[in-house]
Amino acid sequence: MSRALVLDTETTGFDPLTGDRVLEVAAVEIVNLVPTGRHFHMLIDPERDVPEEATKVHGFTREMLIGKPKFAEIAPAMLDFLGDDPIIAHNAPFDFGFLDWELKKAGHKALDRARMVDTLALAKKRFPGLPNSLDALCRRYGIDNSMRTAHNALLDVQLLAQVYLELMGGKQPGLELASRPAVSTPVVLQIDATPVARQPRPIQPSEAELAAHAAFLAKIKDPLWAAFLPAAGSLPAAGQG
């Protein structure tokens, strides 16, 4: 069994070293490249204001997050869900950087970078020079992202799980084979096994045809096949001998 987690975070900004914090984390479980339906999702009190620019991206305001659990309170459950399996994220160094900072602040070890799978890097390798945002990849693979009016982490990981399947060579939309109709009555071919005697149909060249053939051979110097042919008039009929 191959288990992995598709993860996304939303934050108050771009850099935890300048005071930005995680305010949402979501992850979905996939086993053998198939989502199982199990997921982890928490809104978090970032313990600071949420800049207007960040709210425009994900839609969360400070007022909406007051009273939500702190990151230190949700960390054990998050780590338990993540286990030791690979973690897939789009622009994964960004999410790992924030989670590492929050985990260390809460007294936990940072995530092992060997577990990191970056779908942005995978997409750039497959589609060099093309837009490779999550929205662009959804359009490229025909994945419906019409509900993505803001960067909601839970919706993003559900979309990213589908994108990851395609990046790994999964089933393409619209390429399903039509199901075959059930055959209720087998088709049986009736074959008569009685042997049928074949009547020979000999072809006997005329004397004129044999003479014309001999005259043609006389024009060729030492024809190789002449050594293997009987004299004119003694040729066996085709289909005999």
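Residues numbered from 1 in each chain as written. Predicted model: local features only at pLDDT ≥ 70, side-chain atom pairs only at ≥ 80, totals over all residues. Heavy atoms only, no water.

> Which parts of the structure should I look at to understand the UniProt feature "binding site: a divalent metal cation" (unreviewed entry) in the protein?
UniProt annotation of "binding site: a divalent metal cation" (unreviewed entry) refers to Asp8, Glu10 and Asp156 when read in the numbering used here. These annotated residues cover 149 residues of sequence, and their C-alpha atoms all fall within 10.2 Å of one another, placing them together at a single site. Those annotated residues from the list above that line the largest pocket are Asp8, Glu10 and Asp156. With respect to the helices, strands and loops of the structure, aspartate 8 is situated in strand E1 (residues 3–11). On the accessibility criterion, aspartate 8 (13% relative accessible area) is buried. Not counting chain neighbours up to four residues away, the residues in contact with aspartate 8 comprise Glu24, Val25, Ala26, Asp95, Ala153, Asp156 and Val157. Positionally, glutamate 10 belongs in strand E1. (UniProt positions renumbered as here; feature names shortened; annotations may be inferred. 1 Å grid on protein atoms, 1.4 Å probe; cavity = no way out; pocket = protein on both sides within 12 Å on 5 of 7 lines; lining within 4 Å. Helix = DSSP H or I, 4+ residues; strand = E, 2+ residues; numbered from the N terminus. Buried < 20%, exposed > 50% of the residue type's maximum accessible area, 1.4 Å probe, protein only. Contact = heavy atoms within 4.5 Å.)

> Which parts of the structure should I look at to understand the UniProt feature "active site" (unreviewed entry) in the protein?
Feature annotation in UniProt assigns "active site" (unreviewed entry) to the following positions: His151. With respect to the secondary-structure elements, histidine 151 resides in the loop between helix H6 (134–141) and helix H7 (153–167). With residues near it in sequence (within four places) discarded, histidine 151 still touches Glu10, Glu24, Val57, His58 and Asp156.

> Any chance you could explain the environment of phenylalanine 81 here in plain terms?
Among the secondary structure elements, phenylalanine 81 is positioned in helix H3 (residues 71–82). Along the backbone, phenylalanine 81 and valine 28 are 53 residues apart, and their C-alpha atoms lie at a distance of 9.3 Å. Each residue touching phenylalanine 81, except ones within four places of it in the same chain, is listed here: Arg3, Leu5, Ala27, Glu29, Arg38, His39 and Phe40.

> In this structure, what is going on with the packing of H3 against helix H4 (residues 92–105)? I would like to understand it.
Where H3 contacts H4, the axes come no closer than 10 Å and their chain directions differ by 110 degrees. Judged by the angle between their axes, H3 and H4 are roughly perpendicular. Here H3 and H4 pass one another in a crossing that is left-handed. Contacts between H3 and H4 involve Phe71, Ala75, Met78 and Leu79 on the former and, on the latter, Leu99, Glu102 and Leu103. Its residues assigned to classes, the contact of H3 with H4 comprises 6 nonpolar, no polar and 1 charged. (Axes fitted to C-alpha atoms, helices over the stretch in contact; angles between N-to-C directions. Parallel < 35°, antiparallel > 145°, perpendicular 65-115°, else oblique. Left-handed = near helix turned anticlockwise from the far one by under 90°. Nonpolar A, V, L, I, M, F, W, Y, C, P; charged D, E, K, R; others polar.)

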